[in-house]
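# Descriptive structure summary
Now for the letters of each chain:
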Amino acid sequence: MAEKKATAKKATETKAAAAKKTTTAKKAAAPKAAAKSVFAVNAENAGFKAGDVYQALAAAGKALTVKEIAKAAKISEEETLLGLGWLFKEGKLANDGEKVTLA
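Report follows, based on the coordinates. (Residues numbered from 1 in each chain as written. Predicted model: local features only at pLDDT ≥ 70, side-chain atom pairs only at ≥ 80, totals over all residues. Heavy atoms only, no water.)

## Section: the overall build of the protein
When helices and strands are tallied, the protein shows 4 helices and 2 strands. The helix and strand sequence of the protein, counted from the amino end, reads α-α-α-α-β-β. Considering only residue pairs separated by 6 or more positions, the protein has 50% of its internal contacts joining residues 24 or more positions apart. Surface exposure of the protein reaches about 8000 Å², of which carbon and sulfur atoms provide 58%. (Helix = DSSP H or I, 4+ residues; strand = E, 2+ residues; numbered from the N terminus. Contact = heavy atoms within 4.5 Å. Areas by Shrake-Rupley, 256 points an atom, 1.4 Å probe, with all protein chains shown as cover.)

The structure is reproduced here in structure tokens:
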């Protein structure tokens with residue numbers, strides 16, 4: 001009887017150890033995802049981002065890249081692109097292929 005208990009205990013420990021290794025392997029294999037900001041894409045938000053982009057370009061007084069605009073406006077590059085799209089549609093911007101300036 002004691003022998004059956006010992007065998008059962010050993011089998012349980014082996015299963016637990018195997019499960020722990022699998023879990024550890026899955027955690028180690030999973031790449032770390034960068035934290036991403038989430039923002040709503042709607043007309044109101046696009047208008048606000050367009051205002052941020054416009055103000056950044058006006059303050060700079062020269063053509064800027066998307067990264068430079070995002071940094072100056074203190075918004076993400078995705079939000080910058082949303083604002084740029086709005087301003088391009090309104091005819092407020094011009095670009096030379098790489099940089100954007102006020103029209």
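## Remarks on the environment of L81
Within the fold, L81 resides in helix 4 (residues 77-89). Judged by relative accessible area, L81 falls into the partly exposed class, the value being 49%. Residues L81 and K49, spaced 32 residues apart in sequence, show a C-alpha to C-alpha distance of 8.8 Å. (Buried < 20%, exposed > 50% of the residue type's maximum accessible area, 1.4 Å probe, protein only.)

## As for the nonpolar core
With 12 residues, the main nonpolar core is built from A50, V53, A56, L57, L64, I69, A73, I75, L84, L87, L93 and V100. Element by element, the count of residues in this core is highest for helix 2 (residues 43-60), at 4 residues. The contacts of L64, once residues within four sequence positions are left out, are A56, L57, I69, K99 and V100. (Core = buried A, V, L, I, M, F, W, Y, C linked by side-chain atoms within 4.5 Å.)

## Some words on the pattern of salt bridges
Enumeration over the complete set of coordinates arrives at 1 salt bridge. Among the ionic pairs, K49 bridges to E79, the shortest N-O distance being 3.6 Å. Linking K49 in helix 2 with E79 in helix 4, this pair joins segments that are 30 residues apart in sequence. As far as burial versus exposure is concerned, K49 and E79 are alike and both buried. (Salt bridge = Lys/Arg side-chain N within 4 Å of Asp/Glu carboxyl O.)

## Re the side chain of N45
Within the fold, N45 resides in helix 2. Not counting the four nearest positions on each side in its chain, N45 is found in contact with F39 and A40.

## Observations concerning the packing of helix 2 against helix 4
Contact geometry for helix 2 and helix 4: axes closest at 7 Å, N-to-C directions at 90°. In terms of their interaxial angle, helix 2 and helix 4 are classed as roughly perpendicular. From helix 2, A43, A46, G47, K49, A50, V53 and Y54 reach across to helix 4, where they touch E79, T80, L82, G83, L84, W86 and L87. A per-class count over the contact of helix 2 with helix 4 returns 9 nonpolar, 3 polar and 2 charged. (Axes fitted to C-alpha atoms, helices over the stretch in contact; angles between N-to-C directions. Parallel < 35°, antiparallel > 145°, perpendicular 65-115°, else oblique. Nonpolar A, V, L, I, M, F, W, Y, C, P; charged D, E, K, R; others polar.)

## Points about the environment of T65
The topology assignment puts T65 in the loop between helix 2 and helix 3 (66-73). The class for T65 is buried, based on a relative accessible area of 19%. Setting aside its immediate chain neighbours within four residues, T65 contacts E98 and K99.

## A short note on helix 3
Here helix 3 has its buried residues at I69, A70 and A73. End-on, the buried residues of helix 3 take up no more than an arc of 100°, which puts them together on one face. In helix 3, the exposed residues that point more than 90 degrees away from the buried face are K67 and K71. The secondary structure elements touched by the buried residues of helix 3 are helix 2, helix 4 and strand 2 (100-102). A positive backbone phi angle near 60° is found at K74, which sits one or two residues after helix 3. (Arc of directions from axis to C-beta.)

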